[in-house]
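So you can see what is in the structure, the chains are spelled out below.
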Amino acid sequence: MTDSHKSFASRNWLAGIGFTFIIALVSFGLSKLPVLNHVGQLACAIIIAIIFRQIWGYPEKLREGIQFSSKKLLRLAIILFGLKLNMDIVFHQGLGLLVKDVGTIVFSIVLTMFLAKLLKADTSLSLLLGIGTGVCGAAAIAAVSPILKAKDEDTAIGAGIIALVGTIFAVTYTIIRPLIPLTDIQYGIWSGISLHEIAHVALAGTPAGSDALAIALLAKLGRVFLLVPLSFILIYWMKHKRKTEADSNTKIEFPWFLIGFIIMSLFGSYILNRVIIVPASVMDGISFFTSFILTMAMIGLGLNINLKDLRTKALRPLLAMLITSLFLSIITYFIV
């Protein structure tokens, strides 16, 4: 490749990253508007990407840069997401909640897959939705997709569905909170063990007060923590599955970014603000950066979605996930 071709390729690569950056920036602005502030920037970004794809098609010249955002930045976001997990709190105060969290994950995956089989829904997308419902929404889907060899399209569709449905459930929780006979702490636990993403738990838990929000986030962090053992279980399952199929020579790529996730969790739990004091404003900045690059990654994935396929492929998995989420909310309500 000549120097001019390399320069041209580099410009396209940077332009592709810039493309996802601009849409993420627009999504962030939209997420501050009334109504859309309940939807969130992640869902806004995916919707914009899908609309762009349907009207103008996939920007092929920018593909390399867009792929960098959807793959490399995605893994970086998952690693940084580990800072949100305080393992010390989970181990010392949340062990009782961990049992409920395990139940939430197992129930969500098993029921979603059972309903998917009953409805003859797409298996890959349904499994992603089951994991997203049980663990931590789009972040969980993004983390397990490389392990499950899921298509980029399925990852984006799953993340978009989780973000939208989870928002609807979180808003519903806040509406019915004054009408249900739960204490603030019970309501917090219910939110933490049943809602889809950390943002959804924060949205639902905040109106109940600081104590309710704290216990809700603790319950949710337990589910985030369980993403690690679940991922290793999925690695083992995929390897065993490959051995029984014709493509047994296909290797399962180890998701090294999960090691980064664990390291960042340990660093955030036992080093930050103990050995190294970091101002809250800096941590807020890192949290914003993590959410922003995750949004950029989802734009890259969202551009792979063809609405014609979505109509035929996503409706049944969506129905399976909705039923699972509804049953999960009802059952966990009586458990707390």
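As shown above, the structure is provided for reference.
Residues numbered from 1 in each chain as written. Predicted model: local features only at pLDDT ≥ 70, side-chain atom pairs only at ≥ 80, totals over all residues. Heavy atoms only, no water.

Draft legend 1. Fine view of the overall build of the protein chain. Along its length, the protein chain carries 17 helices and zero strands. When its C-alpha atoms are laid out on the principal axes, the protein chain stretches across 70 × 50 × 40 Å. The proportion of buried residues among the 336 residues of the protein chain is 50%. In the protein chain, once contacts between residues fewer than 6 apart in sequence are set aside, the share between residues at least 24 apart is 80%. Of the side-chain charges in the protein chain, 28 are positive and 17 negative, and the distance between the mean point of each set is 4 Å. (Helix = DSSP H or I, 4+ residues; strand = E, 2+ residues; numbered from the N terminus. Buried < 20%, exposed > 50% of the residue type's maximum accessible area, 1.4 Å probe, protein only. Contact = heavy atoms within 4.5 Å. Lys, Arg positive; Asp, Glu negative; His and termini not counted. Charge placed at Lys NZ, Arg CZ, Asp CG, Glu CD.)

Draft legend 2. How the structure looks around the pattern of salt bridges. A full pass over the atoms with the stated rule returns three salt bridges. Where Asp-184 meets Arg-177, a salt bridge forms, and the shortest distance between an N and an O atom there is 3.8 Å. (Salt bridge = Lys/Arg side-chain N within 4 Å of Asp/Glu carboxyl O.)

Draft legend 3. Inspection of the packing of helix 10 (residues 184-194) against helix 11 (residues 198-205) at higher detail. Where helix 10 meets helix 11, the axes come as close as 9 Å, and the angle between the chain directions of the two elements is 160 degrees. It follows that helix 10 is roughly antiparallel to helix 11 by the angle criterion. As helix 10 runs across helix 11, the sense of the crossing is right-handed. When helix 10 is examined against helix 11, the residues Tyr-187, Ser-191 and Gly-192 are found in contact with a partner set consisting of Val-201, Ala-204 and Gly-205. Looking at side-chain class alone, the contact of helix 10 with helix 11 contains three nonpolar, three polar and no charged residues. (Axes fitted to C-alpha atoms, helices over the stretch in contact; angles between N-to-C directions. Parallel < 35°, antiparallel > 145°, perpendicular 65-115°, else oblique. Left-handed = near helix turned anticlockwise from the far one by under 90°. Nonpolar A, V, L, I, M, F, W, Y, C, P; charged D, E, K, R; others polar.)

Draft legend 4. Spotlight on the packing of aromatic side chains. Counted by the stated rule, this structure contains ten aromatic pairs. A ring pair is formed by Trp-13 and Phe-68, whose centres lie 5.2 Å apart and whose planes are at 75 degrees; its orientation type is edge-to-face. Here the residue Trp-13 occupies a position in helix 1 (residues 3-30), and Phe-68 occupies one in helix 4 (residues 63-81), the gap between them amounting to 55 residues. Among the residues examined, Phe-68 registers a relative accessible area of 27% and is labelled partly exposed. With centroids separated by 5.2 Å and ring planes inclined at 85 degrees, the aromatic side chains of Tyr-333 and Phe-334 adopt a geometry described as edge-to-face. Taken together, the ring pairs in this structure connect Tyr-173, Tyr-187, Trp-190, Tyr-333 and Phe-334 into an aromatic cluster. The ring of Tyr-58 carries Arg-63 above its face, with NZ or CZ at 4.1 Å from the centroid. The side chain of Arg-177 reaches across the aromatic face of Tyr-187, ending 6.0 Å from its centre. (Phe/Tyr/Trp six-rings, centres within 6.5 Å; stacked < 30°, edge-to-face > 60°. Lys NZ or Arg CZ within 6 Å of the ring centre and 35° of its normal.)

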